[in-house]
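Inside the fold
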Amino acid sequence: MSANGLRLAPEKSECVVLTNKYRYREPNLYVQGCQVPVKKAIRYLGVQLDTRLSFVDHVRSVTDGSRKATTALGRLMPNIGGPSQSKRHLLMSVVHSRLLYGAVIWSEQVSGNQECRNLLLQAQRHAALKVARCYRTVSDMAALLLARMSPAFLLASSRKRIAVARRTGVIFTKQAVETEIIQGWQALWESTPKAAWTKRLIPDLSRWWYHGPRQVSFHMAQTLTNHRCFQKYLWTRDRAYSPACSHCPAKVNNAEHTIFACVFWSEQRRDLALSLGRPVRPEDVQDLLCDPSTAKLPTDYHQRGRILSCSRRRREMFVKMVERIMGRKEELERAAVGSGSVTYNVNPLSRFSFFVFLRNVFNRISVENDLALVVVVTAEAVSRAKVESSGVVKDIFWGNPAPSKIQRWVGG
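Since this is a predicted model, take the numbers as computed values, not measurements.

1. Brief notes about the overall build of the protein
- Looking only at helices and strands, the protein features 19 helices and 6 strands.
- The 412 residues of the protein split such that 41% are buried.
- A separation threshold of at least 6 residues defines the contact pool for the protein, and within that pool the share at least 24 residues apart is 61%.
- Carbon together with sulfur atoms contributes 54% to the accessible area of the protein, which is approximately 23,400 Å² in total.

2. Looking at the side chain of Gln 186
- When you line up the elements, Gln 186 lands in helix H7 (residues 174–191).
- By relative accessible area, Gln 186 is classed as buried at 14%.
- Among the polar contacts made by the side chain of Gln 186, one reaches the main-chain carbonyl oxygen of Pro 203 at a distance of 3.1 Å.
- Excluding its chain neighbours within four sequence positions, the residues that come into contact with Gln 186 are Pro 203, Asp 204, Leu 205 and Ser 206.

3. Re helix H10 (residues 218–225)
- Taken across its 8 residues, H10 has 8 buried, putting it largely inside the fold.
- Among the residues of H10, Phe 218, His 219, Met 220, Ala 221, Gln 222, Thr 223, Leu 224 and Thr 225 are the ones counted as buried.
- Taken from the residues just after H10, Asn 226 is the one with a positive phi, measuring 65°.

4. A word on the environment of Val 216
- Position of Val 216 relative to the elements: it lies in the loop between helix H9 (205–211) and H10.
- Spatially, the C-alpha atoms of Val 216 and Ala 147 are 8.3 Å apart, while their sequence positions differ by 69 residues.
- Residues contacting Val 216, with those up to four places away along its chain left out, are Gln 85, Ala 132, Arg 133, Leu 146, Trp 208 and Leu 224.

5. Description of the pattern of salt bridges
- The final tally for this structure, using the stated rule, is 15 salt bridges.
- Between Glu 180 and Arg 161 there is a salt bridge, and its shortest N-O distance comes to 2.9 Å. On the criterion of sequence distance, the pair formed by Glu 180 in helix H7 and Arg 161 in helix H6 (residues 152–168) is long-range, its members being 19 residues apart.
- Since its relative accessible area comes to 40%, Arg 161 is described here as partly exposed.
- The partner of Glu 283 in a salt bridge is Arg 200, with the nearest N and O atoms 3.3 Å apart. You can see Glu 283 sitting in the loop between helix H13 (266–276) and helix H14 (285–289) and its partner Arg 200 sitting in helix H8 (residues 196–201), a full 83 residues away along the chain.
- Using a relative accessible area of 36% as the deciding quantity, one classes Arg 200 as partly exposed.
- Put simply, Arg 228, Glu 330, Glu 333 and Arg 334 are held in one network by salt bridges that share partners.

6. Remarks on the packing of helix H2 (residues 85–99) against helix H4 (residues 114–131)
- Where H2 meets H4, the axes come as close as 9 Å, and the angle between the chain directions of the two elements is 165°. As summarised for this structure, H2 and H4 are arranged roughly antiparallel, according to the angle between their axes. Crossing of H2 over H4 shows right-handed handedness. Contact with H2, carried on its side by Gln 85, Arg 88, His 89, Met 92, Val 95, His 96 and Leu 99, involves Leu 120, Ala 123, Gln 124, Ala 127, Lys 130 and Val 131 of H4 and no other residues of that element.
- In terms of residue class, the contact of H2 with H4 is built from 7 nonpolar, 4 polar and 2 charged.

7. Section: the confidence of the model for the protein
- Within the protein, residue pLDDT values average 81, and 82% of them lie at 70 or more.
- Contacts for the low-pLDDT stretch residues 345–353, under 50 throughout, to residues beyond four places or in other chains number 13 contacts.

8. Some points on unusual backbone geometry
- Backbone geometry at Phe 55 places phi at a positive 65°, although glycine is not the residue there.
- Note that Phe 55 resides in the loop between strand S6 (47–50) and helix H1 (56–74).
- Residue Phe 55 is classed as buried on the basis of its relative accessible area of 4%.
- Backbone geometry at Asn 226 places phi at a positive 65°, although glycine is not the residue there.
- With respect to the helices, strands and loops of the structure, Asn 226 is situated in the loop between H10 and helix H11 (231–236).

9. A short note on the nonpolar core
- Residues Trp 106, Leu 120, Leu 146, Trp 208, Leu 224 and Phe 318 are the most contacted members of the largest nonpolar core, which totals 78 residues.
- Examining the composition of this core, we find that 8 residues originate from one element, H4, more than from any other.

10. What to know about the packing of aromatic side chains
- Counted by the stated rule, this structure contains 4 aromatic pairs.
- Judged by centre distance (6.0 Å) and plane angle (15°), the ring pair of Tyr 135 and Phe 218 falls under stacked. Here Tyr 135 is found in the loop between H4 and helix H5 (140–147), whereas its partner Phe 218 is found in helix H10, with 83 residues between them in sequence.
- Its relative accessible area of 26% is what places Tyr 135 among the partly exposed residues.

11. So, a nonpolar patch on the surface
- Residues Tyr 44, Leu 45 and Tyr 101 make up a contiguous nonpolar surface patch of about 380 Å² in total accessible area.
- Locating Tyr 44 in the fold gives a position in strand S5 (residues 41–44).

12. Quick word on the packing of H4 against H5
- Relative to each other, H4 and H5 sit at 50°, their axes nearing to 8 Å. Relative to H5, H4 is oriented oblique. In this structure, the crossing between H4 and H5 has a hand that is left-handed. Touching Leu 121, Gln 122, Gln 124, Arg 125, Ala 128, Leu 129 and Val 131 of H4 are Asp 140, Met 141, Ala 143, Leu 144 and Ala 147, all from H5.
- Looking at side-chain class alone, the contact of H4 with H5 contains 8 nonpolar, 2 polar and 2 charged residues.

Parameters at a glance
Residue indices follow the written sequence of each chain, beginning from 1 at its first position. In view of the model being predicted, local features appear only for residues whose pLDDT reaches at least 70, and side-chain atom pairs are presented and counted only at 80 or more, with totals across whole chains, interfaces and linings using the full set of residues. Neither water nor hydrogens contribute to the side-chain values; these are computed over all heavy atoms in the structure. Numbered from the N terminus, helices here are DSSP runs of H or I no shorter than four residues, and strands are runs of E no shorter than two. Burial here depends on accessible area, computed with a 1.4 Å probe over protein chains only, as a share of the maximum for the residue type. Under 20% is buried, over 50% is exposed, and the range in between is partly exposed. Residues are treated as being in contact if the distance between any of their heavy atoms lies within 4.5 Å. A 1.4 Å probe and the Shrake-Rupley method give the accessible areas. Residues count as covered only by the protein chains that appear here. Definition of a polar contact: a pair of N or O atoms within 3.5 Å, with one able to donate and the other able to accept a hydrogen when the atoms are protein atoms, and with sequence-neighbouring residues admitted only if both atoms are side-chain atoms. Here a salt bridge means any side-chain nitrogen of Lys or Arg lying within 4 Å of a carboxyl oxygen belonging to Asp or Glu. In this analysis an axis means a line fitted to C-alpha atoms, helices contributing only their contacting stretch, and an angle means the value between N-to-C directions, from 0 to 180 degrees. For classification purposes, angles smaller than 35 degrees are called roughly parallel, those larger than 145 roughly antiparallel, those between 65 and 115 roughly perpendicular, and all remaining angles oblique. Two helices crossing with the near one rotated counterclockwise from the far one by less than a right angle form a left-handed crossing, whereas a clockwise rotation gives a right-handed crossing. Residue type decides the class: Asp, Glu, Lys and Arg count as charged, Ala, Val, Leu, Ile, Met, Phe, Trp, Tyr, Cys and Pro as nonpolar, and the leftover types, Gly among them, as polar. Think of pLDDT as the predictor's per-residue confidence, scored from 0 to 100. Buried Ala, Val, Leu, Ile, Met, Phe, Trp, Tyr and Cys residues form a nonpolar core when they are joined through side-chain atoms within 4.5 Å. Each aromatic pair joins two rings of Phe, Tyr and Trp (for Trp, the six-membered one) with centres within 6.5 Å, and gets the label stacked for planes under 30 degrees apart, edge-to-face for over 60, and tilted for any other angle. Patch membership requires over 30% relative accessible area and the absence of a salt bridge. Like charges are linked within 9 Å, and nonpolar side chains (Val, Leu, Ile, Met, Phe, Trp, Tyr) within 5 Å.

If you want it as structure tokens, here you go:
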């Protein structure tokens, strides 16, 4: 190296011990009189090499970086409006390029590690939520399906097989790779306990991948994930007093009830029901959104054309039905909240950190004017939440001698 004019910087050097032993003695390594520190993991050509070559540190590093990239790019992609899903895919390809860097090296170890698989899925989920216009409470499995993003560890395994095939001279076509990924994804989809409603609507991933819609709207994503302005969803998150429907006597209002059963929306379902000859059911969603499989179509050109035309017409009717129901439901919800006829439940225990903060503030306040100012602001927030003032004050300021004065200001 010296003959070629190169020189090491030993003060910047690091080393790692590669071993399968649980106990080992770290070596004392000196280069040019400078001790080289021994690390648990080091970065080499963009890949984190740890002691056991499990690549857990590498996965943690790339997932953190992909989340930052998703956060930065997510500002360009609002749920309502914004770029189309194809453009969103293009922007989010940055996330996949980060996640799958060096996949040929680490795919085998990561595929058998559940922690690494979960980290990759969670990183992908952040990007998929933006691509598919989903709510942040949607599970990773449902978000990946709607965003048409295959799990990263399956993509990494396919890249590994392609690299091995090239070295051995085996022909591995793109269609074969895609089929293998879909089969692995289907097995994962059937075994996961997540996304039960989405799995019921879309049981066949292969048909969704090859014949499904290339993008879903904001309202369609809500329908397919059972998230957003459904009373059952709001009730489970302490945002509504009851899961019952506000338009009919039904005791549970979810996506199934709103889209397929509620009598209040019978007019919106009428055209599609006439086309089908019967009421629309959740089991019809995949047939309505996806074109018929090519293998099941007749060979006659005219019959094939009529079947495809009917399928597309019914898909447009279903999309229109969902948009009309969900759009009108949001309008009615905003009007009800604005008029005060509908209130959201605020559970003091679910806001524990906020309450502790308020309690500490009141413990430090000694001037009555300042106390009045803070209590007026607090009372306004309590009034907006439609929660009984005295109950909130009692729950927040238990054991404090100030509640009597506070209740007088609040009006309790």
